[in-house]
Amino acid sequence: MAVVSAAHGAFGPLLGKLTALLADECGRLKGVRREIRSLRSELASMHAALKEYTKLDDPSDQVKAWISLVRELAYDTEDVFDKFIHHLGDSPDHGGFKELFRKAARRLKTLGARHGIAGEIHDLKDRIRQVKELKDCYKLPNNAPSSTAGPAAVDPRLHALFADEAHLVGIDGPRDHLAKWMLEEANTSPKHCKVLSIVGFGGLGKTTLANEVCREIQGEFDCKAFVSVSQKPDIKKIIKDVISQVSCQGGSTKDDTTDWDEMKSISELRVLLQNKRYLIIIDDVWSTQAWHAIKCAFPENDCSSRIIATTRIIDVAKSCCLSADDRVYELEALSDPHSRRLFFKRLFRSEEDCPEMLKEVSNKILKKCGGLPLAIISISGLLANRPAIKEEWEKVKRSIGTALEKTNSLEGMSSILSLSYNDLAPHLKTCLLYLSLFPEDHLIYRDMLVRRWIAEGFISEERGQSKQEVAENYFYELINKSMVQPVGIGYDGKVGACRVHDMMLEIIISKSAEDNFTTVVGGGQTSLLNHQDSIRRLSIQHIDKKLASELANVDLSHVRTLIVMPSCCITHLPSLDRFEALRVLDFEGCVDLKDCDMKGMDKLFQLKYLSFRGTGISKLPAGIVMLGNLETLEFMNTDVEELPAGITRLTELQHLNGYLNKHLPNGIGGMRNLQLMPKFIITSQETDVLEDLGNLTSLEELNVNLGRNVSCEDKRCEKEAFLSSLCKLGNCKLRSLLINAYGGSLDFSDSWSPLPSSLQSFWAANRDSFTNVPKWITPELINLADLLISLTELTEDGLLTLGQLPSLLRLRLWPSKKFVGTVQATSFPNLKVLSFRAEQVYVSFVKGSAPKLEEISRMPFSVSAAKANKFYLGIHHLSCLKRAHILLDDEDATPSECKAAAAAIRKEADINANHPAVTFPGEPKEEDNEETVAGEEEKSNEDGDADED
């Protein structure tokens, strides 16, 4: 894949560009072709050697130095050619890569610039020669030698196997809960072998918990064994270890197993365990292949045997638990009280014995540990050897990242956390290291992160998937491998954002610095004065006059990402024209950005991602219209009301995210790559602009405001033009449509055809947006998963129609008039969340309806209407229901009837095998553990919009 990576730098795209040059007119010029071919040949040879050397587990310092030189050379070479192509091409270019080179060739002929490129290439060849000579001087072979086995490393998990029970904290609850579950008989087959899979971040205590559960229940079993799998499992050795442990507990095998191969070992173990009730811990499983290879050695002998597996990878945990009787247990971090108890117990016996002067810094250290037992134990061990002085402890807190690399007492923690990083594929390492640009506890939104990865060149299309889809897959892979923590899991299972655990952040900051991948300043990081290599990616987390002075004396021309944190003083920032290689520029949250000098914006010819999100600007910089490569422009939550007229020249733009109160620019239909449009008001637009929207064939998300009094006859032309565009988009990629219509009706859309089969989300939140369920809502909308619709009147037929939507996961239904009805059997086959905003509504469920419904929110329950039906709701039929918030409508009902209704509903919940939590107004709702991610309000301010007439 021709991508930028942490390991190989810019070699991938660079070699691709040189190949394209050779294939085009530019490469056929006298002298130029020979020079480019020679350059490409040398760089390709270096790239091949680099790929071999970066596979080494523990390269020498000389190899590391050479790798660094080669990587920097590739970055600089790409920067030179990017500049050269830009200066020779017409700006901005819209004809693609090949057209760019054709233009460059014509300029070479007419301007006599051939000497310029030859000189640049000559300088690069000098550097290549020096790097080659250094490789010879170091006596490095062309092919990297195989890694030689050094002394066996001490297994950092050993302490978990022999932990003193008296020293454990916060484990009693999970241990007792899981021990009870382990001894329960299986449901499907009473004596079936059950598997418990414990999954979680490295250092959470998975091995300790498994061992404690085993200790609690081992007396119920004939034999037990513990084996550790590791990243490179030796299956034969693992099976023999089990045989050895089981044989010592009364097993019959006394044979010499030395000559047994893998097949023989598995066969003998199966025979050995055939009639035994066994308890096995399979620790540290890294792949489904390893699990399946080991699992087949344990016979299904109907003796109520049990297996406990531990892993850091969610998919592996699930693969261990394929039976309905098996269980995946996600281990969570220690609570704050348990973290404090563990920390202070190891240092002072109790928190009360901690000196007052150390309590504040202790809190800061505990926050950094983030409930990770391994981190708390390791750092408290380090502090135990330091004087109990506040300054000493502050020093430890500031230098935890450095201490992870250099302090013996933290070596075990560093090893365990690094295991997860080392197991990642190169492309995932690159994406993860990019997160080192963000400060501790920073909420990193998925959509914006993957667009940054794409802009940086980390992502390429794969197997028919777009770059966006590939990047999102990488994001979820990092979650799956417990490298980042998901935040805000939605009704559809999608994750809105993530955070990096502070300890993992220290690891990736260290590795990023080692590869010169990112540079962080102003966040307590090292001074720029010691930075020897070119800065490639820069995060400014705080800036003052001193740092501004340092930045003034540093070469910033090679910076590819610049992230400015909200805490920065904008007036101290360097001038933008010093960042000529910039791909990503992010000012998110910098509220005083209006004071920033935006001169030089037009010089950022490589810029692909630009964010003013949450800043104080009221007008987009004029230079934006010159950014021909721009793909993402974020101006959500700013005072920007209109786009500059020239923005339609930016035909590479894909994501244009913000709110507009004024006209869309003429020619918007020419932006054929646009996937996300800013929210705009239809009645403020001219009809030809609205009709032009139908030409946006790549459009995936559309958020429009019809304006007030949209039912007025004088708005007929605008509505017809908009509907015409919707019909044109019917055969395109539209996934999400949100329409606000204050005081008006959307019934004019009944003739919408053809419908976009790709439509996944439709919102129309304003009161009486439709009279009834619109005619275009039919089962043919096979991908519609999220529907928010406000109706004047809901009918039984309308409810039945909605229930036939095959993929609907979330339904928010807001009828204005009274409705009494029943959700029929087979209706809503996949619905997970049902929400109402209405009064005088009584809806009940029958057996077979909404079989996957998990949450009912704001469900109105007309007591008077339900009285004749003995206050029947039917939630006892909803086998997946977890929680229900019921609004008792007491109109025409007595207090005793309301009380009886509540009791009847609670009785139904008690009958339900899932025991859902039922709450009524005035009672605390059961909180969802997931943190809310502010993303959906960008589509619509649901609460505000819906209440306006």
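Residues numbered from 1 in each chain as written. Predicted model: local features only at pLDDT ≥ 70, side-chain atom pairs only at ≥ 80, totals over all residues. Heavy atoms only, no water.

Kindly report on the overall build of the chain, identifying the contributing residues and their values.
In terms of helices and strands, the chain carries 29 helices and 27 strands. Across the chain, every contact between residues at least 6 apart in sequence was considered, and the portion connecting residues at least 24 apart equals 65%. Accessible area for the chain stands at about 41300 Å²; split by element, carbon and sulfur atoms hold 48% of it. (Helix = DSSP H or I, 4+ residues; strand = E, 2+ residues; numbered from the N terminus. Contact = heavy atoms within 4.5 Å. Areas by Shrake-Rupley, 256 points an atom, 1.4 Å probe, with all protein chains shown as cover.)

Could you give an account of the sheet that holds strand S2 (residues 223–228), naming the residues involved and the relevant values?
Pairing within the open sheet is parallel, and its five strands lie in the order S2-S3-S4-S1-S5. The open sheet is flanked by S2 and strand S5 (327–330), the only strands paired with a single partner. Across the sheet, the mean angle from the axis of one strand to that of its neighbour is 15 degrees, orientation sign disregarded. Where strand S3 (residues 278–285) meets strand S4 (residues 306–311), five bridges bridge the pair, whose relative direction is parallel. When the sheet's bridge partners are listed, Ile282 is paired in S4 with Ala309. Strands S2 and S3 of the sheet are contacted by helix H9 (residues 235–247), whose axis makes an angle of about 150 degrees with S2. (Pairing = 2+ DSSP bridges. Axes fitted to C-alpha atoms, helices over the stretch in contact; angles between N-to-C directions.)

I'd like to hear about the environment of Ile294, residue by residue, with values.
Tracing the backbone shows Ile294 in helix H11 (residues 288–295). Overall, the relative accessible area of 1% leaves Ile294 in the buried class. Each C-alpha atom of the pair Ile294 and Lys236 lies 9.2 Å from the other, and the pair is 58 residues apart in sequence. Residues contacting Ile294, with those up to four places away along its chain left out, are Val229, Ile235, Ile238, Ile239 and Ile282. (Buried < 20%, exposed > 50% of the residue type's maximum accessible area, 1.4 Å probe, protein only.)

If you had to explain the side chain of Thr561 to someone new, which residues and values would you point to?
Structurally, Thr561 can be placed in strand S11 (residues 561–564). Using a relative accessible area of 0% as the deciding quantity, one classes Thr561 as buried. A distance of 2.5 Å separates the side chain of Thr561 from the side chain of Glu456, its partner in a polar contact. Apart from the residues lying within four places of it in its own chain, the contact partners of Thr561 are Tyr434, Leu437, Glu456, Arg536, Arg537, Leu538, Leu582 and Val584. (Polar contact = N/O pair within 3.5 Å; in protein donor to acceptor, adjacent residues only side chain to side chain.)

Can you tell me about the packing of aromatic side chains, naming the residues and giving the values?
Following the criterion strictly, the structure yields 14 aromatic pairs and no others. Both rings, one in Tyr842 and one in Phe861, keep their centres 5.4 Å apart while their planes meet at 80 degrees; by these two values the pair is edge-to-face. Separated by 19 residues along the polypeptide, Tyr842 in strand S24 (residues 841–845) and Phe861 in strand S25 (residues 855–862) bring together distant segments of the chain. Of the two residues examined, Tyr842 and Phe861, each falls in the buried class. (Phe/Tyr/Trp six-rings, centres within 6.5 Å; stacked < 30°, edge-to-face > 60°.)

Describe the nonpolar core, naming the residues involved and giving the relevant values.
Met601, Phe612 and Leu633 are the most contacted members of the largest nonpolar core, which has 123 residues in total. Residue contributions to this core peak at five residues, all from helix H28 (residues 895–911). For this core, the two domains that each supply at least three residues are domain 3 (661–806) and domain 4 (818–923). Those residues within four positions of Leu633 in sequence are excluded, and the remaining contacts are Leu610, Phe612, Leu620, Ile624, Ile647, Leu653, His655, Leu656 and Asn657. Judged by nonpolar contacts, the second largest core, of 99 residues, contains Ile171, Leu347, Ile459 and Ile563. (Core = buried A, V, L, I, M, F, W, Y, C linked by side-chain atoms within 4.5 Å. Domains from an automatic or database assignment.)

How would you explain the pairing of strand S21 (residues 810–815) if you had to name every residue and give the values?
Of all six residues in S21, six are buried, a share of seventy percent or more. Going residue by residue along S21, you find Arg810, Arg812 and Trp814 tucked away on one face and Leu811, Leu813 and Pro815 tucked away on the opposite face as well.

Give me the lowdown on H11, citing residues and values where you can.
Buried within H11 we find Ala290, Trp291 and Ile294. Down the axis of H11, the buried set is contained in an arc of 100 degrees. They therefore lie on one face. Check the buried side of H11 and you find it contacts strand S1 (194–199), H9, S3, S4 and helix H12 (314–320). (Arc of directions from axis to C-beta.)

Describe the pairing of strand S7 (residues 485–489), with residues and values.
By the bridge criterion, four bridges tie S7 to strand S8 (residues 495–499) in an arrangement that is antiparallel. Counted as the bridge partner of Gln485 is Arg499 from S8. In sequence, S7 turns back onto S8 through a hairpin of five residues, with Gly493 there showing a positive phi of about 85 degrees.

Tell me what's going on with the environment of Pro916, and back it up with residues and numbers.
Within the secondary structure layout, Pro916 lies in the loop between H28 and strand S27 (917–919). A sequence separation of 34 residues divides Pro916 from Lys882, and the C-alpha atoms of the two residues are 4.3 Å apart.

How would you summarise a negative patch on the surface if you had to cite specific residues and measurements?
A cluster of acidic residues, Glu839, Asp890, Glu891 and Asp892, forms a negative patch at the surface. Position of Glu891 among the secondary structure elements: in the loop between strand S26 (883–889) and H28. For Glu891, a relative accessible area of 39% translates into the label partly exposed. (Patch = residues over 30% accessible without salt bridge, like charges linked within 9 Å, V, L, I, M, F, W, Y side chains within 5 Å. Salt bridge = Lys/Arg side-chain N within 4 Å of Asp/Glu carboxyl O. Lys, Arg positive; Asp, Glu negative; His and termini not counted. Charge placed at Lys NZ, Arg CZ, Asp CG, Glu CD.)

I'd like a rundown of the pattern of salt bridges, residues and numbers included.
Summed over the entire model, instances satisfying the criterion amount to 48 salt bridges. Between Lys368 and Glu506 there is a salt bridge whose closest N-O contact spans 2.8 Å. Residue Lys368 is located in helix H14 (residues 359–369), and its partner Glu506 is located in helix H22 (residues 502–514); the two are separated by 138 residues in the primary sequence. Summarising the burial analysis for this pair, Lys368 and Glu506 share the class buried.

I'd like a rundown of the confidence of the model for the chain, residues and numbers included.
The share of residues in the chain with pLDDT of 70 or more is 86%, and the mean pLDDT across the chain is 85. Predicted confidence is poor over residues 108–114, with pLDDT under 50, and the contacts of this stretch with residues over four places away or in other chains come to 12 contacts. For the stretch residues 940–949, pLDDT sits under 50, and the model shows 26 contacts to residues farther than four places along the chain or on other chains. (pLDDT = per-residue confidence, 0-100.)

Please set out the sheet that holds S7 residue by residue, giving values where relevant.
Strand order in this open sheet of three strands is S6-S8-S7, and the pairing throughout is antiparallel. Since the sheet does not close on itself, it has two edges, and those belong to strand S6 (444–445) and S7, each with one partner. As paired elements, S6 and S8 share two bridges and run antiparallel to each other. Within the sheet, the bridge partner assigned to Ile444 lies in S8 and is Cys498. On the sheet, helix H21 (residues 467–480) packs against S7 and S8 and is oriented at approximately 55 degrees with respect to S8.

So what's going on with H14? Residues and values would help.
Within H14, the full set of buried residues consists of Val361, Ser362, Ile365, Leu366, Lys368 and Cys369. All buried residues of H14 lie within an arc of 155 degrees about the axis, which places them on one face of the element. Two residues or fewer after H14 comes Gly370, characterised by a positive phi angle close to 55 degrees.

I'd like a description of the packing of H14 against H22, backed by residues and values.
Running from N to C, H14 and H22 point in directions that differ by 75 degrees, and their axes come no closer than 6 Å. Here H14 lies roughly perpendicular to H22, going by the angle between them. Contacts between H14 and H22 involve Lys367, Lys368 and Cys369 from the first element and Asp502, Met503 and Glu506 from the second. Across the contact of H14 with H22, the residue classes tally to two nonpolar, no polar and four charged. (Parallel < 35°, antiparallel > 145°, perpendicular 65-115°, else oblique. Nonpolar A, V, L, I, M, F, W, Y, C, P; charged D, E, K, R; others polar.)

I'd love a proper account of unusual backbone geometry, names of residues and values included.
In this structure, the amide linkage connecting Ser753 to the following residue, Pro754, adopts the cis form with an omega of -5 degrees. Along the polypeptide, Pro754 turns up in the loop between strand S18 (736–742) and strand S19 (761–764). Located in the positive-phi region is Phe871, a residue other than glycine, with phi close to 55 degrees. Within the secondary structure, Phe871 sits in the loop between helix H27 (863–866) and S26.

A description of the packing of H14 against helix H16 (residues 390–398) should follow, citing residues and the corresponding values.
Viewed as axis vectors pointing N to C, H14 and H16 meet at an angle of 15 degrees, and their least axial separation amounts to 10 Å. With respect to their mutual orientation, H14 and H16 come out roughly parallel. Crossing angle aside, the handedness with which H14 passes H16 is left-handed. From H14, Glu360, Val361, Ser362, Lys364, Ile365 and Lys368 reach across to H16, where they touch Lys390, Trp393, Glu394 and Lys397. Considered class by class, the residues forming the contact of H14 with H16 number three nonpolar, one polar and six charged. (Left-handed = near helix turned anticlockwise from the far one by under 90°.)

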